[in-house]
Amino acid sequence: MRIGNTEIRPVGGAWGCLAMIAVSILFSVVCTIGLNLIGR
């Protein structure tokens, strides 16, 4: 992926990219559950 003059490459190629997506999804789910528990 290229932004301006800098090129961003996911660490570990395709597997690294998939891992980053999975981690971000897990993090958002955990944050949502945490906020719901706090908001009760």
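What you are looking at is a predicted structure, and each value in this text was computed from that prediction instead of being measured.

Draft legend 1. The arrangement of the overall build of the protein in detail. The helix and strand inventory of the protein stands at one helix and two strands. Moving toward the C terminus, one meets the helices and strands of the protein in the order β-β-α. Accessible area of the protein: about 3,800 Å², with a carbon and sulfur share of 73%.

Draft legend 2. Examining the confidence of the model for the protein more closely. This prediction gives the protein a mean pLDDT of 84; 95% of its residues lie at or above 70. Ranking the elements of the protein by mean pLDDT puts strand β1 (residues 2-3) last with 70 and helix α1 (residues 13-39) first with 90.

Draft legend 3. How the structure looks around the UniProt feature "transmembrane region" (unreviewed entry) in the protein. With numbering aligned to this structure, UniProt lists the feature "transmembrane region" (unreviewed entry) at residues 12-38. End C-alpha atoms of residues 12-38 are separated by 36 Å, and the span's content is 96% helix alongside 0% strand.

Draft legend 4. Representation of a nonpolar patch on the surface. The grouping of Trp15, Leu18, Ile21, Ile25, Val29, Ile33 and Leu37 at the surface amounts to a nonpolar patch, some 750 Å² of accessible area in total. With respect to the helices and strands, Ile21 occurs in helix α1. On the accessibility criterion, Ile21 (42% relative accessible area) is partly exposed.

Draft legend 5. Structural detail: the environment of Val30. Assignment of secondary structure puts Val30 in helix α1. Along the chain, Val30 and Thr6 lie 24 residues apart, while their C-alpha atoms are 32 Å from each other.

Quick notes on the rules
Residues numbered from 1 in each chain as written. Predicted model: local features only at pLDDT ≥ 70, side-chain atom pairs only at ≥ 80, totals over all residues. Heavy atoms only, no water. Helix = DSSP H or I, 4+ residues; strand = E, 2+ residues; numbered from the N terminus. Areas by Shrake-Rupley, 256 points an atom, 1.4 Å probe, with all protein chains shown as cover. pLDDT = per-residue confidence, 0-100. UniProt positions renumbered as here; feature names shortened; annotations may be inferred. Patch = residues over 30% accessible without salt bridge, like charges linked within 9 Å, V, L, I, M, F, W, Y side chains within 5 Å. Salt bridge = Lys/Arg side-chain N within 4 Å of Asp/Glu carboxyl O. Buried < 20%, exposed > 50% of the residue type's maximum accessible area, 1.4 Å probe, protein only.

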